[in-house]
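Close look at the chain arrangement
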Amino acid sequence: MKQFFLTLFALISSLAFAFPQTGTITGQIKDAETGETLPFCSVFVNNTTLSTVTDMEGKYMLSGLEAGPLELGFSFMGYVAETRKLTLNAGGTLTVNLSLKPFAQELSDVEIKASRDKNWERDLRKFQNLFIGIDEAAAKTTILNPWVIDFPVAAEKGGFVAKADQPIEIENVFLGYKITFNLKDFFDSPTNYRIVGAARFEEMKPESEIQKSTWEKNRADVYRKSPMNMFRAMLKGAHEREGFYLYGDKAGGSASMNMRSDIFANELGKSVVPYKADPLVTPTNPPGTYLLNLKGRIEIHYQKGFAQANTYKDAPYPISWLEVTKGQVKVKENGMVLNPEDVVFSGDMDRKRISNLLPLDYNAEKAILLQDLAKTAKNYQEKIYLHTDKPYYYAGDQLFFKGYFAYGNPYLRDELSKVLHVEVISGDRDLVIEKKFPIRDGIVVGDFYLPDTLSGETYFLRAYTNWMRNYGPNQYFMQPLSVLNPYKRIINEESVSAWTNEGVSLQSDKIVFGAREKVTITLKLTDPKGRPAASTLSVGVWDAEQLVSIQRYPEMNQSLNLSGVSETLGLDRFSYPVEKQLRFSGKVSDEKGKGVAADVTAFVNDFQGMIELQSNTEGNFNLDEMEFYGPMRLGFAASDKKGKPLVVKVDAPLKAPVALPTDFIFPRVTTLATPIRVVEIPEEVTEQDTKPAEKAGRKAIYGSPDFIIEGEKLTKTGSSIDLVNSLVGNIPGAQVTLVPGTGRQMIRLRGGAMSGSISMEPVVMLDGVVLVTGGGTSVSDNIRSINPFDIDRVEVVSRMVPMLGDQGRNGVIAIYLKDKLNPNNELSGLGMVEFMIEGYQPPGNFIPVDYENSSPQIEKDDRQTLYWNPYLVTDEKGELIFTFYSNDTTGPVVVEVRGLTVAGEIIQGTFVLNKK
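Since the structure is predicted, the reported quantities are computational estimates derived from the model, not experimental observations. Counting restarts for each chain, with residues numbered from 1 along the sequence as it is written. Two thresholds apply to this predicted model, a pLDDT of at least 70 for residue-level local features and 80 or more for giving and counting side-chain atom pairs, whereas whole-chain, interface and lining totals are computed over all residues. Calculated side-chain values reflect all of the structure's heavy atoms, with hydrogen atoms and water omitted.

**Some words on the sheet that holds strand β38 (residues 609-614)**
To keep it simple, the criterion reads: Criterion used throughout: strands pair if DSSP finds at least two bridges between them. Secondary structure elements are taken from DSSP: a helix is a run of H or I of four residues or more, a strand is a run of E of two residues or more, and numbering for both begins at the N terminus. Every angle, taken between N-to-C directions, lies between 0 and 180 degrees, and every axis is a line fitted to C-alpha atoms, over only the stretch in contact when it is a helix.
Spatial ordering of the open sheet is given by β38-β37-β40-β50, a layout of 4 strands whose pairing is antiparallel. The open sheet terminates on both sides in strands that have one partner only, identified here as β38 and β50 (833-838). Here the average twist between neighbouring strands, direction ignored, is 30°. Examined bridge by bridge, strand β37 (residues 599-604) and strand β40 (residues 631-638) share 5 bridges and lie antiparallel to one another.

Now the structure itself:
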């Protein structure tokens, strides 16, 4: 029997990642000798899949880490690997800076390999058996770089020692992990062995669904018969149900196992008896840790397994023996051992080494449940609820929302949809807006603009996933959406003042507040039992003087109600697949319309990129695993073996049929003579200003421009020193001002509106590509970087451009260069066909006004939404604090709170502040 001392199991606490008890670690890695930063250095939480690499400045960040003790590993080629033990507080941020020492002399792989001899090869085989193991998993586990391992002479007689200055790279095809192992200490002798080190896990990419399911099954099987699962089950008194039967030596029985027979039935009650300890489990400190009282030698029969070599003829399953040096094993709730140096295994569990090692963030409960889960429509159901920043809107408003999902089985969340479709539908069943948003961890955050051309008052906001279409339109989210013009008002009689509050209470630092005052709000969240609730929330604060407090419908609990689906309904008749990424399909055909197998080339955004595809024998091809934002222009080209062009078409996505409910009631409205906000009347423009140039080319993303300035106009003076002033001088209504104290030029097209980034400037595009601003680069900087003599024309859009999201709120200055206008560059001239496809909606941020640090100053503050934050989470006390500034109306303010607890329980509350 050998002492088992594998310190990997004792390095960090359970990684259940219960939201929101998490923290963040940041830092910078440098060379200990030169002080230079080290980019691409690996930083990881020991024995997990949680890792990152440093950036070009040697900086890193690991977020979402469970609070508690953990060990951080640092590894970089040519440097001595390091580890740091630390304790992370919930919601806290730790900074861990480190200087790695380079090896005194680094040999190349070729030099290392050349120095190996037959003795080394013999020692390597022994090391592999001891380090990796000798079971089925070990047979499919390989050390990829064995030449980094040395075998110095052991100081202890009969000992065997190994060392590795560089990380050992291991590929485990049995479990589907690649492991990078920083070996600190390895020792083996007839009485004990030690493996000390830090392991970084990476999930391998399966080559097929069969391989993926095989890995999942193997991981679950390894966990089921592991010591971790046994100890976890013992805490719950469920070890026999999990297959672990414990036996102890009978007092006065055979002192040696060698004197026993090989028939277990003969020994039971004679030399061994069922093991009982009273008490078996004792709680201890810190909370969440326990002591298992295990004294003497314990024989473990895992009756749910199978062993090729049997200890007993009548027991064809794995058998192990356990001895605990001090009679107590200290474990976490998930069964992780905190004192492995006191635990001694022999038998089957002694043979489990690195090949049977699972990362500590492996969710065993989820994996096992998914294997046994019935594939029914009930289990695979998903529903969505959207919380918008205010109850209704005016044409031209930006609509912000957060989407919350409910799942038939929460463990299936990662197996279900990752793409949400959001639409605005008119009362005539026309699709006014169609957007797609990524779903991350069961949450969607997004926004889009309502066109200022909307003239109706009755619209519907619809949200669904492609998978939901299998369940019918009644499973979609559908909300009546009033969109008014500035002269319309909802009548006060539609106002409601009573709401259902669940699990949330609110405290304000001010009972009454005036114009532009700072207000601090404290929210306290509790579960149905009154305990502090860890929750994710969205909060909207809006002006109840400008907006009437109408009834929100449907309510959150109605939208997320999962009832109505039969427990026995299967998935066999479902025809709409789960969307896990953006996907587009097309077809290649000859001139007769017959599908053809061919190589297809897709050119992205006028030759900025290229994608190689291949159609099948029926001519079909797919663009899979795409993730991009906004519109993408694709030019397709395909030809047969003789070089003759083929026809390429991209399939139009099949839209979900529109079925509007008949029981929704829209609030009554009235018309006033005064608009709720200033309606900007465009300046009169001349025919010369608005006449498009003949060479304007294809229609741009922003549509038709309001003005076109020829490049010649910008260079008539012969001076290119101030392109900004020359350009703005040719745009009616535009102006250039200087920001005080900075000398930076700020461009305004007409009045302008403040965007989510608190900018009133237009976006600049160069040959169809948006030039990024921020980080010291302004709109004027982007324009001045262009040579005026290279400009063919400038197209100006002074209106809002919804296709460009928040950045298009204040118009567009689109600059086109001369060398891009050669007619021979047209895709059609190259025998290509062009399509525009839509990606995810570009995100826009809501940045609340801060009068303490406001720049530029706002002359009139008539904001309707005073605050919107979809990213709020509670602390360990179930509390959170936020602030907002009132506007100029000084009327009542409504605070709306929506959210879900970690357990999926609904949080909702509506409160009125500043009542006069």
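**With respect to the environment of isoleucine 847**
Here is the rule: Partly exposed describes any residue whose relative accessible area lies between the buried limit of under 20% and the exposed limit of over 50%, with all areas from a 1.4 Å probe on protein chains only and scaled to the type maximum.
By the secondary structure assignment, isoleucine 847 is in the loop between β50 and β51 (865-873). Owing to a relative accessible area of 39%, isoleucine 847 belongs among the partly exposed residues under this scheme. For the pair formed by isoleucine 847 and asparagine 869, sequence separation is 22 residues and the distance between their alpha carbons is 8.9 Å.

**Here's the deal with the packing of helix α4 (residues 209-224) against helix α7 (residues 364-372)**
Note the threshold: Any angle between 65 and 115 degrees counts as roughly perpendicular, while under 35 counts as roughly parallel, over 145 as roughly antiparallel, and the rest as oblique. A clockwise turn of the near helix away from the far one marks a right-handed crossing, whereas an anticlockwise turn of less than a right angle marks a left-handed crossing. A contact between two residues is defined here by any heavy atoms of the two lying within 4.5 Å. Classification used: nonpolar for Ala, Val, Leu, Ile, Met, Phe, Trp, Tyr, Cys and Pro, charged for Asp, Glu, Lys and Arg, polar for all others including Gly.
One way to put it is that α4 packs onto α7 with a least axis distance of 10 Å and a crossing angle of 120°. Considering their axes alone, α4 and α7 lie oblique with respect to each other. Classified by chirality, the crossing of α7 by α4 is left-handed. Two secondary-structure elements touch here, α4 through Glu216, Lys217, Ala220, Tyr223 and Arg224 and α7 through Ala364, Ile368, Gln371 and Asp372. Grouping the amino acids of the contact of α4 with α7 by side-chain chemistry returns 4 nonpolar, 1 polar and 4 charged.

**Let's talk about the sheet that holds strand β41 (residues 647-650)**
A sheet is described by the order of its strands in space; here 3 strands give the open sequence β39-β36-β41, paired in antiparallel fashion. Strands with a single pairing partner mark the edges of an open sheet, and in this sheet they are β39 (620-626) and β41. Here the strands of the sheet are splayed against their neighbours by 25° on average, with no regard to which way each runs. Of the pairings in the sheet, the one linking strand β36 (residues 582-589) to β41 comprises 4 bridges and is antiparallel in character.

**Thoughts on the nonpolar core**
Applied cut-off: Side-chain atoms within 4.5 Å are what join buried Ala, Val, Leu, Ile, Met, Phe, Trp, Tyr and Cys residues into a set we call a nonpolar core.
Membership of the largest hydrophobic core comes to 45 residues, with the highest contact counts inside it found for Leu386, Leu420, Val422 and Phe448. Elements represented by at least two residues in this core include exactly β24 (382-388), β26 (398-407), β27 (419-426), β28 (431-438), β29 (443-449), β30 (458-464) and β31 (477-484). The dominant element in this core, judged by the number of residues it contributes, is β26, at 6 residues. With near-sequence residues (within four places) excluded, valine 422 lies in contact with Leu386, Phe401, Ile433, Glu434, Lys435, Phe437, Phe448, Leu461, Arg462 and Ala463.

**Considering the pairing of strand β54 (residues 906-913)**
The buried fraction of β54 amounts to 6 of the 8 residues, a majority that puts the element mostly inside the structure. Inspection of the sheet shows strand β53 (residues 893-901) paired to β54 by 8 bridges, in the antiparallel sense. Across the sheet, the residue bridging to valine 895 is phenylalanine 911, located in β54.

**Some details on a nonpolar patch on the surface**
Operational definition: Patch membership requires more than 30% relative accessible area and the absence of a salt bridge. Residues of like charge join within 9 Å; the nonpolar side chains Val, Leu, Ile, Met, Phe, Trp and Tyr join within 5 Å. Areas reported here follow the Shrake-Rupley algorithm with a probe of radius 1.4 Å; residue values treat only the protein chains shown as occluding. Should a side-chain nitrogen of Lys or Arg be within 4 Å of a carboxyl oxygen of Asp or Glu, the pair is scored as a salt bridge.
On the surface, Phe40, Val53 and Met56 cluster together into a nonpolar patch covering about 340 Å² of accessible area. Its location among the elements puts methionine 56 in the loop between β4 (51-53) and β5 (59-66).

**Focus: the pairing of strand β13 (residues 168-172)**
Side-chain alternation along β13 places Ile168, Ile170 and Asn172 on a buried face and Glu169 and Glu171 on a face that remains uncovered. Relative to β13, strand β10 (residues 141-143) is paired through 3 bridges, and the arrangement is antiparallel. Of the residues in β13, the one forming a bridge with threonine 142 is glutamate 171. As consecutive antiparallel partners, β13 and strand β14 (residues 177-188) are separated by 4 residues, and within that stretch glycine 176 has a phi angle of approximately 80°, a positive value.

**Quick word on helix α2 (residues 118-131)**
Spelled out, the test is: In a helix, the anticipated span is given by 1.5 Å times the number of residues less one. The arc in question is traced by the directions running from the helix axis to the C-beta atoms.
Given a rise of 1.5 Å per residue, 14 residues ought to cover 20 Å, and the 19 Å separating the end C-alpha atoms of α2 matches this to within 8%. Within α2, burial applies to Trp120, Asp123, Leu124, Phe127, Leu130 and Phe131. All buried residues of α2 fall inside an arc of 130° around its axis, so they share one side. Summarising the geometry of α2, the exposed residues directed more than 90 degrees from the buried face are Lys118 and Arg125. Those residues of α2 that are buried are in contact with β10, β11 (149-150), β12 (160-164), β13, β14 and β15 (192-203). Looking one or two residues past α2, glycine 133 carries a phi angle of roughly 120°, positive in sign.

**Describing the confidence of the model for the protein**
We count it as follows: One confidence number per residue, pLDDT, is output by the predictor and ranges from 0 to 100.
Looking at the protein, pLDDT values average 83 and 87% of them are 70 or higher. The least confident element of the protein is helix α9 (residues 687-690), whose mean pLDDT is 42; the most confident is β24, at 97. Below a pLDDT of 50 lies the segment residues 1-20, which in the model reaches 100 contacts outside its immediate sequence neighbourhood of four places, other chains included. Contacts of residues 820-830 to residues separated by more than four positions or lying in other chains number 15 contacts, the stretch itself having pLDDT below 50.

**Some points on the packing of aromatic side chains**
Threshold: Pairing of aromatic rings covers Phe, Tyr and the six-membered ring of Trp, with a centre-to-centre limit of 6.5 Å; geometry is then stacked below 30 degrees between planes, edge-to-face above 60, and tilted otherwise. Only lysine NZ and arginine CZ atoms are considered, and such an atom sits over a ring when it is within 6 Å of the ring centre and within 35 degrees of the ring normal.
In total, this model carries 34 aromatic pairs according to the counting rule given. With 5.6 Å between their ring centres and 20° between their planes, phenylalanine 151 and phenylalanine 160 make a pair best called stacked. Across the pair, phenylalanine 160 and phenylalanine 151 agree in class, each one buried. An angle of 80° between the planes, with centres 5.3 Å apart, marks the rings of phenylalanine 460 and phenylalanine 666 as edge-to-face. Taken as a pair, phenylalanine 460 in strand β30 and phenylalanine 666 in the loop between β41 and β42 (669-671) lie far apart in primary sequence, 206 residues in all. Judged by relative accessible area, phenylalanine 460 falls into the buried class, the value being 5%. For phenylalanine 666, a relative accessible area of 19% translates into the label buried. The lysine or arginine in question, arginine 793, covers the ring of tyrosine 816, its NZ or CZ lying 3.9 Å from the ring centre.

**Section: the pattern of salt bridges**
Across all of its chains, the model carries 31 salt bridges by this definition. In this structure, aspartate 888 engages arginine 516 in a salt bridge whose closest nitrogen and oxygen atoms are separated by 2.8 Å. Separated by 372 residues along the polypeptide, aspartate 888 in the loop between β52 (879-885) and β53 and arginine 516 in the loop between β33 (504-508) and β34 (518-525) bring together distant segments of the chain. Take aspartate 888: its relative accessible area is 30%, and that puts it in the partly exposed class. Between glutamate 795 and arginine 793 there is a salt bridge whose closest N-O contact spans 2.9 Å. Judged by relative accessible area, which is 3%, glutamate 795 ranks as buried. Linked by salt bridges that have partners in common, Lys217, Asp221 and Arg224 make up one network.

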